[in-house]
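# Examining the three-dimensional arrangement
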Amino acid sequence: MPSRRRVRTKFSRLKYRNILCLIAGAIAIGWIVTIPFRIRRPPEPPVILTQQPISPQETLSPPTIEPSENLADRQSEPTFSYNIKTPPNPVYSQELQGIVDEAVKIATSKGLPAEPLSITLFDVSNAKAHSFAGYQNQTLRFPASVAKLFWMAAFYSALEKGIITQRESAFTNDLEQMLRVSNNDAASRILDQITDTKSGGRLAGEELQTWLKKRNQINNFFQSAGYNDIRLTTKNYPIHYLKQEQPLGRDLQLRGDPSQPIRNQVTTDQAARLIYEIYTRQAVSSVASRKMAYLLTRDLDPKAWKNDPSNSIQGFLGESLPTNIYFGSKVGYTSKSRSEAAFVRTLDDRAIYILVVFADDPAYAKDETAFPAISRYVFDRLNARGPSSLQ
């Protein structure tokens, strides 16, 4: 007659086996259910088709971004310089000019001044002939945090050329913070890495000149590639980890004469050019351009930004646009200015364009309606028209 002990052992084994089977089944089901979430990736940022050569008869007028001499031929070209030496050569469009002129009227109809406003509109929906128009689009203006767009490109170039020796992963958080939420602390650290400089107390003599020369590398990086007179040396403030609400020490020395301080200066054409070169995957390299496009990608669904106090949608170009489009952007904002450089592409490719708006005036900083209104007007006009034929 079997003992009770053996019966309990068989029952225990059976019970444990069932428990293990249930656990294994639950794990398997969980793995299957979560497959879509584990393999989900952000949508691939779209690529602008490279422009095909156009005949002289198709050119309506000289482009606003005038090609400078090909600086790639200079023997004295610095090692650390932007890789694309000649600006894009779009066709001037009277049709786009009409759209830009109406955009200016939208701003002035709200009582906003036209003098501090600059606009560049770059239509890339037709691969055979990209076209452009603008308003005061070659005027150098304070770009606020749009400067971070340029620092991003210089960072990836310094990384690929081995000037920055640390792994890219060491800067992932700062890059995300600098581009997605426009964090000034992160931008300060990135600019320091690019130029091998640090903020600190006042300097003198040769030590100051060496520091200034290093910081000015960021200007030379773009100027040697035809970004004429661009200035990008000044950090954005406040910077909390430095406990600085404004430039101090050597950063203040960099600004020069207090009555006419050196500020960052960028044209809307220059910002549009860099956006163009990123989305044609020419900026630095194809891999770097793809990474930069991801950092610029924004979700226009109000659920993604309405409750985020640091969002870059409300009061800017993306707020008024449909949610089912691709939108990449970098905004700039201070108490005295509002600016943005954006790339827009509809899913059916009817409208593919770059819109850059700089407004260096406190009136625009206070107004949250002008940028969305301008953006929606441009979108509706280009989307209704479809790809440009330029005929």
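We now turn to the structure provided with this report.

Basis of the calculations
Residues numbered from 1 in each chain as written. Predicted model: local features only at pLDDT ≥ 70, side-chain atom pairs only at ≥ 80, totals over all residues. Heavy atoms only, no water. Helix = DSSP H or I, 4+ residues; strand = E, 2+ residues; numbered from the N terminus. Buried < 20%, exposed > 50% of the residue type's maximum accessible area, 1.4 Å probe, protein only. Contact = heavy atoms within 4.5 Å. Areas by Shrake-Rupley, 256 points an atom, 1.4 Å probe, with all protein chains shown as cover. Salt bridge = Lys/Arg side-chain N within 4 Å of Asp/Glu carboxyl O.

### Section: the overall build of the chain
Each helix and strand counted, the chain has 14 helices and six strands in total. Taken over 391 residues, the chain has a buried fraction of 49%. In the chain, once contacts between residues fewer than 6 apart in sequence are set aside, the share between residues at least 24 apart is 70%. For the chain, the accessible area works out to roughly 19,700 Å², and carbon and sulfur atoms hold 52% of it.

### Some remarks on the pattern of salt bridges
Here the structure, examined in full by the defined rule, presents 14 salt bridges. Here E168 and K291 are joined by a salt bridge, their closest N and O atoms 2.7 Å apart. Of the two residues, E168 is situated in the loop between α4 (147–160) and α5 (172–180) and K291 in helix α11 (residues 286–296); the sequence distance between them amounts to 123 residues. Classification of E168 as partly exposed rests on a relative accessible area of 25%. In this structure, the salt-bridge partner of R215 is D192, at a minimum N-O distance of 3.9 Å. A residue pair is termed long-range when its members are at least 10 positions apart, and R215 in helix α7 (residues 205–215) and D192 in helix α6 (residues 184–195) qualify at 23 residues. Residue R215 is classed as buried on the basis of its relative accessible area of 0%. D192 sits in the buried class, given a relative accessible area of 12%. A single salt-bridge network, built from bridges that share partners, covers D192, R215, K235 and D251.

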